[in-house]
Amino acid sequence: MTKKEINNILKTESGIILLEKESEQSFLEVILSNWISIFSAMFFLTRRKLDILLLIEKRITLIVQNKVYAERNFIRIKSIHYNGIKSILEVTDQNHQFSFPLNKFIISYEESRLIKQKLVEFINQKK
């Protein structure tokens, strides 16, 4: 999923990007970047990957390395909570509770605080 597609989704539906960061490099990408610097620079520029946590009014999408990792549609989100210790996003929808593990994002302390802040903004926006 490209940045342009994500922006189109945000324009058509009310939502927020909770976290956006560059993806961690794979083992092969690290070897290529250390092996041949000129080719690795071109490789990096052409293969820029993002990890995005997208929260829309009735949907949550986890994008890891520009690919949809998990997506869940809801009828109505009653509550949403981020557990920074376990790195889990917990969502309650009418009768069910869902949890989304965010281990693939490798979230730092600052990013964790940012997610919590944006969640508060999103909840206040819905009211």
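The rules behind these values
- Residues numbered from 1 in each chain as written.
- Predicted model: local features only at pLDDT ≥ 70, side-chain atom pairs only at ≥ 80, totals over all residues.
- Heavy atoms only, no water.
- Helix = DSSP H or I, 4+ residues; strand = E, 2+ residues; numbered from the N terminus.
- Pairing = 2+ DSSP bridges.
- Axes fitted to C-alpha atoms, helices over the stretch in contact; angles between N-to-C directions.
- Contact = heavy atoms within 4.5 Å.

**Observations regarding the environment of L53**
Working step 1: Residue placement: L53 occurs in strand β2 (residues 50-56).
Working step 2: For the pair L53 and I63, spaced ten residues apart in sequence, the C-alpha separation works out to 6.3 Å.

**Brief notes about the sheet that holds strand β6 (residues 88-93)**
Within a sheet, adjacent strands bond to each other through the backbone by hydrogen bonds, running parallel or antiparallel.
Working step 1: Spatial strand order, β5-β6-β7: three strands in an open sheet with antiparallel pairing. In this open sheet, the two edge strands, each paired with only one partner strand, are β5 (77-83) and β7 (96-101). Strand after strand, the sheet turns through a mean of 15 degrees between neighbouring axes, direction not considered.
Working step 2: Relative to β7, β6 runs antiparallel, the two being bridged by six bridges. Paired with L89 across the two strands is F100, which belongs to β7.
Working step 3: Contacting β5 and β6, helix α4 (residues 109-126) crosses the sheet at an angle of about 165 degrees to β5.

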